[in-house]
Amino acid sequence: MVPFYGCFNNMTFLMQMFINEFPNQKTKKRKERNSDSHDKMIYSSQPPAACKEAPSFTSFQKGSMTVEAAFVLPLFLFAVLAMIYLLEIMAIQTNIRAGMQYAGKRYAENAYLTAFAHKETLEKDIVESIGESRINTSVIRGGSAGIDCSASYLDPIRQILFLKTKYTMKIPIPVFGIFDIKREETMRIKGWNGYTSSIPTSPEQRIVYVTEHGTVYHLDQHCTYLDLSVRMVSQADLEILRNQSGGKYYPCDKCGGQAGWGVYVTDYGDRYHTSLSCSGLKRKVYAVPISETAGKGACSKCGNS
């Protein structure tokens, strides 16, 4: 038991020494590392390359981004501002023309009462159509007072109003100042003064409708022979295709001939057309007294109504 106990005591002593010495070793190594770092910081003549380059690269990157933003941001804001003013200019032009149409319509309604067109009335109607508050807050110089119709004039013989509207738009451009854009809109309006026949007619005489090259007159202005319904069909279907009267379609004398894939036909016509602009597909209708239709017969569709 003694030898064993003695060995046990020796082992316990060694373990105790190891336990006591291990923290001292760790503390000693930590102090050595701190001392080495301190010596390197004091006595090192050249700092590490990584520590030297990283801050300068980061600073250069931040500086380049700042310079780019200083150039790009004003250009971006200028482009946005230019787009806003461009849309405003287009809106003002559209509003002015809509106001001119309104003023012209007001004149046409009263053309038979007066032989004059007053510029004050025209300007007032244009401002009323657009809205005075809208004009006063727009880019038009002078607001509603900047609408000028003094160059308008009236043709007393034909009762046609030549409406001219002048206005100036102010466009502020940063740094350069305010620029003026002068505009002039023109429009022609025919007064509603009725129709005067060259041949005296009695009030009870009936009005009929004829075409330029037609051989019949029509009592109904909406007759299907006058109001054409043009549609496109395949040329291969012409052999079996029939109009509303049951007749076949034949080539047009004006545009007929070799056709492409499709041709144009009407519901009551008997010709097919290779061109949509053919005169055979157009109707110029005249309203005349029946006494002026000498030599023309009544339409088979509406002549008996």
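What comes next is a walk through the structure. (Residues numbered from 1 in each chain as written. Predicted model: local features only at pLDDT ≥ 70, side-chain atom pairs only at ≥ 80, totals over all residues. Heavy atoms only, no water.)

## Details of the overall build of the protein
Argument step 1. When you go through the protein residue by residue, the secondary structure sums to four helices and 11 strands.
Argument step 2. By residue count, 26% of the 305 residues in the protein fall in the buried class.
Argument step 3. Pairs at least 24 apart in sequence give 61% of the contacts found in the protein among residues at least 6 apart.
Argument step 4. Summed over all atoms, the accessible surface of the protein reaches about 21800 Å², with 59% contributed by carbon and sulfur. (Helix = DSSP H or I, 4+ residues; strand = E, 2+ residues; numbered from the N terminus. Buried < 20%, exposed > 50% of the residue type's maximum accessible area, 1.4 Å probe, protein only. Contact = heavy atoms within 4.5 Å. Areas by Shrake-Rupley, 256 points an atom, 1.4 Å probe, with all protein chains shown as cover.)

## Comments concerning the pattern of salt bridges
Argument step 1. What the rule picks out here adds up to eight salt bridges.
Argument step 2. With its nearest N and O atoms 2.7 Å apart, the salt bridge here joins arginine 141 to aspartate 180. With arginine 141 in the loop between α4 (132-136) and β1 (153-155) and aspartate 180 in strand β3 (residues 177-190), this residue pair connects regions lying 39 residues apart in the sequence.
Argument step 3. Aspartate 270 serves as the salt-bridge partner of arginine 271, at 3.7 Å between the closest nitrogen and oxygen.
Argument step 4. On the basis of relative accessibility, which here comes to 32%, the residue arginine 271 falls in the partly exposed class.
Argument step 5. If you follow the salt bridges from partner to partner, you end up with Arg97, Arg183 and Glu185 in one network. (Salt bridge = Lys/Arg side-chain N within 4 Å of Asp/Glu carboxyl O.)

## A look at the sheet that holds β3
Argument step 1. Here we have three strands laid out as an open sheet, ordered β1-β2-β3, and antiparallel in their pairing. A single partner strand is all that each edge strand has here, and the edge strands are β1 and β3. Ignoring strand direction, the axes of neighbouring strands in this sheet form an average angle of 20°.
Argument step 2. With three bridges connecting them, β1 and strand β2 (residues 160-173) associate as antiparallel partners. Each bridged residue has a counterpart across the sheet, and for aspartate 155 the counterpart in β2 is isoleucine 160. (Pairing = 2+ DSSP bridges. Axes fitted to C-alpha atoms, helices over the stretch in contact; angles between N-to-C directions.)

## Points about the nonpolar core
Argument step 1. In this structure, Ile96 and Ile147 are the most contacted members of the largest nonpolar core, which totals 25 residues.
Argument step 2. Taken together, the elements giving at least two residues each to this core come down to α2 (49-109), α3 (119-130), β2 and β3.
Argument step 3. Take this core: its biggest share by element is seven residues, from α2.
Argument step 4. Membership of the second largest hydrophobic core comes to seven residues, among which are Leu241, Tyr249, Val263 and Val265. (Core = buried A, V, L, I, M, F, W, Y, C linked by side-chain atoms within 4.5 Å.)

## Topic: α3
Argument step 1. Here α3 is 12 residues long and its end C-alpha atoms lie 17 Å apart, about the 16 Å a rise of 1.5 Å per residue gives.
Argument step 2. Looking at α3, one finds that the buried residues are Leu122, Glu123, Asp125, Ile126, Val127 and Ile130.
Argument step 3. Positioned one or two residues after α3, glycine 131 has a phi angle of 110°, which is positive. (Expected span 1.5 Å × (residues − 1).)

## Things to note about the side chain of threonine 266
Argument step 1. Here threonine 266 lies in strand β8 (residues 262-266).
Argument step 2. A relative accessible area of 8% places threonine 266 in the buried class.
Argument step 3. A distance of 3.0 Å separates a polar atom in the side chain of threonine 266 from the backbone nitrogen of glycine 269.
Argument step 4. Once you skip the residues sitting within four places of it in the chain, threonine 266 turns out to touch Leu228, Ser229, Val230, Arg231, Tyr249 and Leu281. (Polar contact = N/O pair within 3.5 Å; in protein donor to acceptor, adjacent residues only side chain to side chain.)

## Some details on the packing of aromatic side chains
Argument step 1. Considering all chains together, one arrives at one aromatic pair under this definition.
Argument step 2. Between tyrosine 153 and phenylalanine 162, the aromatic rings sit 4.7 Å apart at their centres with planes inclined by 15°, giving stacked as the arrangement.
Argument step 3. Overall, phenylalanine 162 belongs to the buried group, its relative accessible area being 15%. (Phe/Tyr/Trp six-rings, centres within 6.5 Å; stacked < 30°, edge-to-face > 60°.)

## Quick word on the pairing of strand β4 (residues 207-211)
Argument step 1. Summarising burial for β4: four of the five residues are buried, a large majority.
Argument step 2. Here β4 pairs with strand β10 (residues 285-289) via five bridges, running antiparallel. Considered in β10, the bridge of valine 208 is made with valine 288.

## Examining the environment of arginine 106
Argument step 1. Its location among the elements puts arginine 106 in helix α2.
Argument step 2. In this structure, the C-alpha to C-alpha distance between arginine 106 and aspartate 125, residues 19 residues apart in sequence, is 8.0 Å.
Argument step 3. When near neighbours in sequence (up to four residues on either side) are disregarded, arginine 106 contacts Asp125 and Glu128.
Argument step 4. One polar contact links arginine 106 to tyrosine 102, side chain to side chain, over a distance of 2.9 Å.

## Some points on the pairing of β8
Every other side chain in a regular strand lies on the same face of the sheet, so the side chains alternate between the two faces.
Argument step 1. Most of β8 is tucked away: five of the five residues are buried.
Argument step 2. Burial of the side chains of β8 extends over both faces: Gly262, Tyr264 and Thr266 are buried on one face and Val263 and Val265 on the other.
Argument step 3. Pairing of strand β6 (residues 230-234) with β8, which is carried by five bridges, proceeds in the antiparallel orientation. Bridge pairing in β8 places serine 234 opposite glycine 262.

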